[in-house]
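Each chain, written out:
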Amino acid sequence: MKKTDSFVQEYENLPFSNDFLFCRIMETRKDLCEQLLSLILQKKVVGIDYPDKQKPFDLSRDAKSVRLDVYVESGDGTEVYDIEMQTTHQRELGKRSRYYHSMLDASMIEKGQPYRDLKQSYVIFICLFDHFGQGLPLYTFRTLCGDLELDDGRYTVFVNAECVSSGNEQLDEFLAYLRDGIPTGAFTEQLEDAASVGRRNKEWRRIYMTLLMRDQENLQKGREEGREEGRSDALKDIRTVTQYLLSHGRQQELNDLLANPETLDDVMKKYGLK
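Only a predicted model underlies this, so the values are computations on that prediction, with no experimental measurement involved.

Attention shifts here to the overall build of the protein. Of the regular secondary structure elements, the protein holds 10 helices and 7 strands. When burial is assessed residue by residue, the protein has 46% of its 274 residues classed as buried. Restricting to contacts in the protein with at least 6 residues of sequence separation, those with at least 24 account for 62%.

This next bit is on the packing of helix α3 (residues 30-41) against helix α6 (residues 186-199). It is the contact of α3 with α6, at a shortest axis distance of 11 Å, that shows an interaxial angle of 140°. With respect to α6, the element α3 is oriented oblique. In this structure, α3 meets α6 at a crossing whose hand is left-handed. Contacts between α3 and α6 involve Asp31, Leu32, Gln35, Leu36 and Leu39 on the former and, on the latter, Phe187, Gln190, Leu191 and Ala194.

Throughout the structure, instances matching the rule amount to 14 aromatic pairs. Measuring from centroid to centroid gives 6.4 Å for Tyr11 and Phe20, while their planes differ by 70°, and the two rings are edge-to-face. Phe20 shares its class with Tyr11; the two are buried. Where Tyr11 meets Tyr208, the ring centres are 5.4 Å apart and the plane angle is 50°; that geometry is what we call tilted.

All right, on to the environment of Leu257 then. Tracing the chain through its elements places Leu257 in helix α9 (residues 251-259). In sequence terms Leu257 and Thr210 are 47 residues apart; their C-alpha atoms lie 9.3 Å from each other. Aside from chain neighbours lying at most four places away, what touches Leu257 is Ile238, Val241, Leu245, Thr263, Leu264 and Val267.

Okay, the side chain of Asp82 next. Summarising the element assignment, Asp82 is placed in strand β2 (residues 79-86). Apart from residues lying up to four places away in sequence, Asp82 is in contact with Leu68, Asp69, Val70, Tyr100, Leu104, Tyr122, Val123 and Ile124.

In contact at an axis separation of 5 Å, helix α2 (residues 19-28) and α3 are set at 105° when each is read in the N-to-C sense. Taken together, α2 and α3 sit at an angle that is classed as roughly perpendicular. Listed contacts from α3 to Phe22, Ile25, Met26 and Thr28 of α2 are Lys30, Leu32, Cys33 and Leu36. Looking at the contact of α2 with α3 residue by residue, the class counts come to 6 nonpolar, 1 polar and 1 charged.

Glancing now at the nonpolar core. Grouped together as the largest cluster of nonpolar side chains are 58 residues, with contacts concentrated most on Phe16, Phe22, Met26, Ile126 and Phe174. Here this core takes 7 residues from α3, the largest share from any one element. In contact with Met26, other than residues within four places in its own chain, are Phe16, Leu32, Cys33, Leu36, Tyr50, Val70 and Leu191. Tyr71, Val80, Phe129 and Phe158 belong to the second largest nonpolar core, which has 14 residues in total.

Another point: the sheet that holds strand β4 (residues 138-141). Here 5 strands make up an open sheet; going across it, the order is β1-β2-β3-β7-β4 and the pairing mixed. With one partner strand each, in any of the chains shown, β1 (70-73) and β4 form the two edges of the open sheet. Looking at each pair of strands side by side, their axes are set apart by 15° on average, direction ignored.

Below, the discussion takes up the pattern of salt bridges. Under the counting rule described, the total for this entry stands at 9 salt bridges. Between Arg154 and Asp105 there is a salt bridge, with its nearest N and O atoms 3.3 Å apart. Separated by 49 residues along the polypeptide, Arg154 in strand β7 (residues 154-160) and Asp105 in helix α4 (residues 93-108) bring together distant segments of the chain. Between Arg206 and Glu203 there is a salt bridge whose closest N-O contact spans 3.0 Å. Taken together, the residues span about one helical turn, with Arg206 and Glu203 both in helix α7 (residues 202-224) at a distance of 3 residues. Classification of Arg206 as partly exposed rests on a relative accessible area of 32%.

What counts, and at which threshold
- Residues numbered from 1 in each chain as written.
- Predicted model: local features only at pLDDT ≥ 70, side-chain atom pairs only at ≥ 80, totals over all residues.
- Heavy atoms only, no water.
- Helix = DSSP H or I, 4+ residues; strand = E, 2+ residues; numbered from the N terminus.
- Buried < 20%, exposed > 50% of the residue type's maximum accessible area, 1.4 Å probe, protein only.
- Contact = heavy atoms within 4.5 Å.
- Axes fitted to C-alpha atoms, helices over the stretch in contact; angles between N-to-C directions.
- Parallel < 35°, antiparallel > 145°, perpendicular 65-115°, else oblique.
- Left-handed = near helix turned anticlockwise from the far one by under 90°.
- Phe/Tyr/Trp six-rings, centres within 6.5 Å; stacked < 30°, edge-to-face > 60°.
- Nonpolar A, V, L, I, M, F, W, Y, C, P; charged D, E, K, R; others polar.
- Core = buried A, V, L, I, M, F, W, Y, C linked by side-chain atoms within 4.5 Å.
- Pairing = 2+ DSSP bridges.
- Salt bridge = Lys/Arg side-chain N within 4 Å of Asp/Glu carboxyl O.

Here it is as structure tokens:
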């Protein structure tokens, strides 16, 4: 089997939990993103907006940059949400959430603005594993001292796909869908329908295949240099550039990039994306 055929076959079998497919669906299906947020946060979320945030979040020139998976704002402008699909177990998720919150805060207000302008922020990790090992379907953290809550407007939620009984039928269906990819209810059927459409999207497939080829090149380069490059960073790089070029009407530059993926770093530097 040719490498290209293998990539096509891989793309056509991507699960909803695949980072690339998940992000594309959430970025193009506002209705599904709103339903997902409502389900996870256990409250009604409607009228979300996708702000123009193609650039990485940077605290300073020398600070570690962050490219969020799915970043949206509430329609009334009082809340922001970052949704991250987490398929591999990593110990530092707690500190990652802290850094993500810091990035969100720094992007909300300019120098001289009052702190009251900070919006409520939600960082959500959809985990295919039980990060805390307590069996809860949702781990929701806020700042407390006993029963006294610090009104800082910061919430961190970890979804546990390994939980099989949450007491909420729709949530149970979603968690099961994350585990086995089989839809069993109205919402998960909508998600699978969107995933099926995405698997047939030739443009998405072309971008994903370009990603895979670039990822393999980076992996080989990393091995030669004694280190490994993570796939998630490569995925977020190409998504960042793709969103920027499309939103600024630069389709030809995107086509040129996909034809010559080795120019990705140059394009990112050209537009200040790296």
